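An overview of the molecular structure
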Amino acid sequence: MAVIPLSDASRVVAGLLFLTIVTIEFGGWFMTKIVRGDVPMTDFQKSFARAGHAHAGVLVTLGLVCQLLADATTLTGAAGWLARLGVPVAAVLMSGGFFASSAGRGVTGPNRFIAILWLGAASLAAGVITLGVGLLAA
């Protein structure tokens, strides 16, 4: 049986990421309520709910991959943590930004909480750039 060696940091982050999948699963259940019309939302809110749910799922999955790849680099310290946590933090911030910026009754455009989405995009960029450079330099 082949064993993939993980650093303690990657093992802990991966374990936490797997636990977040239950919240994404709950979001999927809530999405079924939205598409059935059980939750009144504007078209804008529906599209942001879909985007928030999709970003969470994709970025958590990518975050799991990043744990394996971070261990294949020689990155240490802040750069090592950025390579490990940039994408998972982006998953929280980007999906949260979609939901927070569309919250309320009858909302037809994003509110000021859209800034959370852009913080998440910055975290995503920082994480993947750091990891990419770390992999090229290893």
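What follows deals with helix 3 (residues 77–100). Here helix 3 contains 24 residues, and its C-alpha end-to-end distance of 32 Å stays within 8% of the 34 Å for a straight helix at 1.5 Å per residue. Along its length, helix 3 reaches its greatest deviation from straightness, about 40°, at L85, and the proline P88 lies no more than four positions downstream.

Below, the discussion takes up the layout of surface pockets. Empty space within the largest pocket amounts to approximately 330 Å³. T23, I24, A56, A91 and S95 are the residues nearest the centre of the largest pocket, which is lined by 19 residues in total. Those elements that provide at least two residues to the lining of the largest pocket are helix 1 (8–35), helix 2 (43–70) and helix 3. The biggest single contributor to the lining of the largest pocket is helix 1, with 9 residues.

Across all of its chains, the model carries 3 aromatic pairs by this definition. A centroid spacing of 5.3 Å and a plane angle of 35° characterise the contact between F26 and W29, whose relative ring orientation is tilted. Residue F26 and its partner W29 are both found in helix 1; the two are separated by 3 residues, about one turn of the helix. Note on F26: relative accessible area 53%, which makes it exposed. Grouped by ring-pair contacts, the aromatic residues F44, F48 and F98 constitute a single cluster.

The sites that UniProt annotates as "transmembrane region" (unreviewed entry) are residues 12–31, 52–70, 82–101 and 113–137. Helix makes up 100% of residues 12–31 and strand makes up 0%, while its end C-alpha atoms are separated by 29 Å. Helix and strand shares over residues 52–70 are 100% and 0% respectively, and the end C-alpha atoms of the span are 26 Å apart.

Right, let's get into the packing of helix 2 against helix 3. With their axes 8 Å apart at the nearest point, helix 2 and helix 3 run at an angle of 175° to one another. One finds that helix 2 runs roughly antiparallel with respect to helix 3. When the residues that make up the contact of helix 2 with helix 3 are grouped by side-chain class, the tally is 17 nonpolar, 6 polar and 1 charged.

By the definition in use, this model includes 3 salt bridges. Its salt-bridge partner being D38, residue R36 comes within 3.0 Å of it at the nearest N-O pair. For D38, a relative accessible area of 45% translates into the label partly exposed. Close ionic contact of R84 with D71 constitutes a salt bridge, the shortest N to O distance being 2.5 Å. Note that R84 is positioned in helix 3 and D71 in the loop between helix 2 and helix 3, a separation of 13 residues in sequence.

On to the nonpolar core, then. Within the largest apolar cluster, 22 residues are counted, with the highest numbers of intra-cluster contacts made by L17, L59, V60, M94, F98 and L131. Of all elements in the fold, only helix 1, helix 2, helix 3 and helix 4 (114–137) reach the threshold of two or more residues within this core. In terms of residue count, the dominant contributor to this core is helix 2 (9 residues). If sequence neighbours within four positions are ignored, V60 has contacts with L17, T20, I21, I24 and A91.

What counts and how
Residues numbered from 1 in each chain as written. Predicted model: local features only at pLDDT ≥ 70, side-chain atom pairs only at ≥ 80, totals over all residues. Heavy atoms only, no water. Helix = DSSP H or I, 4+ residues; strand = E, 2+ residues; numbered from the N terminus. Expected span 1.5 Å × (residues − 1). Bend = angle between axes of the 7 residues up to and from the residue. 1 Å grid on protein atoms, 1.4 Å probe; cavity = no way out; pocket = protein on both sides within 12 Å on 5 of 7 lines; lining within 4 Å. Points joined across faces, edges and corners; volume = space filled by probe spheres on them. Phe/Tyr/Trp six-rings, centres within 6.5 Å; stacked < 30°, edge-to-face > 60°. Buried < 20%, exposed > 50% of the residue type's maximum accessible area, 1.4 Å probe, protein only. UniProt positions renumbered as here; feature names shortened; annotations may be inferred. Axes fitted to C-alpha atoms, helices over the stretch in contact; angles between N-to-C directions. Parallel < 35°, antiparallel > 145°, perpendicular 65-115°, else oblique. Nonpolar A, V, L, I, M, F, W, Y, C, P; charged D, E, K, R; others polar. Salt bridge = Lys/Arg side-chain N within 4 Å of Asp/Glu carboxyl O. Core = buried A, V, L, I, M, F, W, Y, C linked by side-chain atoms within 4.5 Å. Contact = heavy atoms within 4.5 Å.

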